[in-house]
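What follows is each chain in one-letter form.
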Amino acid sequence: MRESISRSIICRGFCSFYKPGEKEDLKCATYDFLASNLTEDELKLAALSAVRRCDYSRDEEISELICARCEFLVGGCDYREGLASPPCGGYAIVERIFKQKYPV
């Protein structure tokens, strides 16, 4: 998938940390997961059905399968460090996919 489309959908659309033109070479693990595993159309569809306000019902799975591999986990993920911070932009989309694919 083209990076500009992924960045537009995931980062620009969902990430509160995203600042156009700044550190655009950095990517969180949810971004990598979504860009690597979904087609452009699948990503667009998932983003349409995702909500910006997460319910964190799949946090344990997301943490183990995706966040554990994130370059921001060590010294850079305010969400995982328990600070009053939202998770990365791709988190909401991944949560929606997990909930849709594997309902509790």
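Remember, it's a predicted structure, so these values are computed and weren't measured experimentally.

**Overview of the environment of Glu 3**
Inspection of the secondary structure assignment puts Glu 3 in helix 1 (residues 3-14). With a relative accessible area of 38%, Glu 3 lands in the partly exposed category. Along the backbone, Glu 3 and Ala 35 are 32 residues apart, and their C-alpha atoms lie at a distance of 7.8 Å.

**Some thoughts on the packing of aromatic side chains**
In this structure the tally under the stated criterion is four aromatic pairs. On the numbers, 6.4 Å between centres and 85° between planes, the contact of Phe 33 with Phe 98 is edge-to-face. Pair noted here: Phe 33 is in helix 2 (residues 29-37) and Phe 98 is in helix 5 (residues 89-101), with a separation of 65 residues, a long-range link. Using a relative accessible area of 28% as the deciding quantity, one classes Phe 33 as partly exposed. For the ring pair Tyr 56 and Tyr 91, a centre distance of 5.7 Å and an interplane angle of 45° mean the geometry is tilted. Residue Tyr 56 is found in the loop between helix 3 (40-49) and helix 4 (59-65), and its partner Tyr 91 is found in helix 5; the two are separated by 35 residues along the sequence.

Reading guide: rules and limits
- Residues numbered from 1 in each chain as written.
- Predicted model: local features only at pLDDT ≥ 70, side-chain atom pairs only at ≥ 80, totals over all residues.
- Heavy atoms only, no water.
- Helix = DSSP H or I, 4+ residues; strand = E, 2+ residues; numbered from the N terminus.
- Buried < 20%, exposed > 50% of the residue type's maximum accessible area, 1.4 Å probe, protein only.
- Phe/Tyr/Trp six-rings, centres within 6.5 Å; stacked < 30°, edge-to-face > 60°.

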